[in-house]
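Structure at a glance
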Amino acid sequence: VSSFGLALPLGDAKRVSSFGLACSDAGQHDLAIRFFERAVRILKREQMFQNDLDLDIANVYSFKAAAQFALQDWDAAILSCKEVVDIRLDVLQEEDPRVVGALEDLCSAMEQSDVVKRLSFDSAHFDERDNDMKNLEAVIQQDIKQVWSFEEEFEKDMNEHKVPLKPLPRIRHSRSYQSSSSTSSTTSEIEDIFRDFHADLKNI
């Protein structure tokens, strides 16, 4: 029974198709597709006793494709359009407007399907990159927090034990390399600083 309160006729494909068209006009495309599928089954069953129903079947497939276009179900529309093209090419001439129209519908469905899939791929690609950046940012922030925590604990320990900290000597930077004597002098100063620091620690 349809949503309009009508019993579905089992042997009348034209009436079933008309119900499908009425549903399409009312915007109930999902229900329309069900009627068109029923009509195709009826026609294929009747085709066992009547051989000139190919174009009728193709017409119902085209109605079904139109409903799938309205739902933007492009992959399903491609299948329906292929059925229309295959049947009409077997029965009609290639230059027949019905064949040309079916080919145009098939191309349109395929183009729309490609656009949707490409947009879906791009969106997933950028979402993946965004997630990678967010994960990297979280790792960096965690590392910064660990460094800050270490510095705070180190400063706290130094204050508790009252270990004097000597400032490091200021090293002048130049574009040219320093001489070996200047480098060794700076290295010696740094070694002296660490030696004094360790001596202070032993006296605590």
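A word on the side chain of Gln68. Residue position: Gln68 is located in helix 3 (residues 54-70). Those residues within four positions of Gln68 in sequence are excluded, and the remaining contacts are Ile33, Asp73, Ala76, Ala77 and Ser80.

Time to look at the pattern of salt bridges. In this structure the tally under the stated criterion is 2 salt bridges. In this structure, Lys64 engages Glu37 in a salt bridge whose closest nitrogen and oxygen atoms are separated by 3.4 Å. One end of the pair, Lys64, is in helix 3; the other, Glu37, is in helix 2 (residues 29-46), with 27 residues separating them in the sequence. Exposure remark for Glu37: the relative accessible area of 31% places this residue in the partly exposed category. Arg98 is paired through a salt bridge with Asp96; the nearest N and O atoms lie 3.1 Å apart. The buried category is assigned to Asp96, whose relative accessible area is 15%.

Next up on the list: the nonpolar core. Core analysis: the largest hydrophobic core is formed by 27 residues, its most contacted members being Phe35, Leu43, Ile57, Val60 and Tyr61. Every element with two or more residues in this core is listed here: helix 1 (13-25), helix 2, helix 3, helix 4 (74-91) and helix 5 (97-161). Of all the elements, helix 2 adds the most residues to this core, at 8 residues. When neighbours within four sequence positions are excluded, Ile57 is seen to be in contact with Val40, Leu43, Lys44, Gln47 and Ile87.

This next bit is on the packing of aromatic side chains. All chains considered together, the criterion is met by 3 aromatic pairs. Pairing Phe36 with Phe63 gives two aromatic rings, centres 5.8 Å apart and planes at 45°, and the pair type is tilted. Taken as a pair, Phe36 in helix 2 and Phe63 in helix 3 lie far apart in primary sequence, 27 residues in all. Looking at Phe63, the relative accessible area reads 30%, which means it is partly exposed. Aromatic pair Phe69 and Trp74: ring centres 5.3 Å apart, planes at 85°, arrangement edge-to-face.

So, on to the packing of helix 1 against helix 2. Their axes nearest at 8 Å, the elements helix 1 and helix 2 cross at an angle of 165°. In terms of their interaxial angle, helix 1 and helix 2 are classed as roughly antiparallel. As helix 1 runs across helix 2, the sense of the crossing is left-handed. Contacts between helix 1 and helix 2 involve Ala13, Val16, Ser17, Phe19, Gly20, Leu21, Cys23 and Ser24 on the former and, on the latter, His29, Leu31, Ala32, Phe35, Phe36, Arg38, Ala39, Ile42 and Leu43. For the contact of helix 1 with helix 2, the residue count by class is 12 nonpolar, 4 polar and 1 charged.

What counts, and where the lines are drawn
- Residue numbers restart at each chain and count upward from 1, following the sequence in its written direction.
- In view of the model being predicted, local features appear only for residues whose pLDDT reaches at least 70, and side-chain atom pairs are presented and counted only at 80 or more, with totals across whole chains, interfaces and linings using the full set of residues.
- Each side-chain value is worked out from all heavy atoms of the structure, with water and hydrogens disregarded.
- The helix count covers DSSP runs of H or I at least four residues long, the strand count covers runs of E at least two residues long, and both are numbered beginning at the N terminus.
- Throughout, a contact is declared for two residues whenever any of their heavy atoms are within 4.5 Å.
- A pair is scored as a salt bridge if a Lys or Arg side-chain nitrogen falls within 4 Å of a carboxyl oxygen belonging to Asp or Glu.
- Using a 1.4 Å probe on the protein chains alone, a residue whose accessible area is under 20% of its type maximum counts as buried, one over 50% counts as exposed, and one in between counts as partly exposed.
- Residues grouped as a nonpolar core are buried Ala, Val, Leu, Ile, Met, Phe, Trp, Tyr and Cys residues, joined through side-chain atoms within 4.5 Å.
- Working definition: rings of Phe, Tyr and Trp (its six-membered ring) pair if their centres are within 6.5 Å, and the pair is stacked with planes under 30 degrees apart, edge-to-face with planes over 60 apart, and tilted otherwise.
- Helix axes use the C-alpha atoms of the stretch in contact, all axes being lines fitted to C-alpha atoms, and the angles between their N-to-C directions lie in the range 0 to 180 degrees.
- Roughly parallel refers to an angle under 35 degrees, roughly antiparallel to one over 145, roughly perpendicular to one between 65 and 115, and oblique to any angle outside these ranges.
- Take the far helix as your reference; a near helix turned counterclockwise from it by less than a right angle gives a left-handed crossing, and one turned clockwise gives a right-handed crossing.
- In this classification, Asp, Glu, Lys and Arg are treated as charged, Ala, Val, Leu, Ile, Met, Phe, Trp, Tyr, Cys and Pro as nonpolar, and every other residue, Gly included, as polar.

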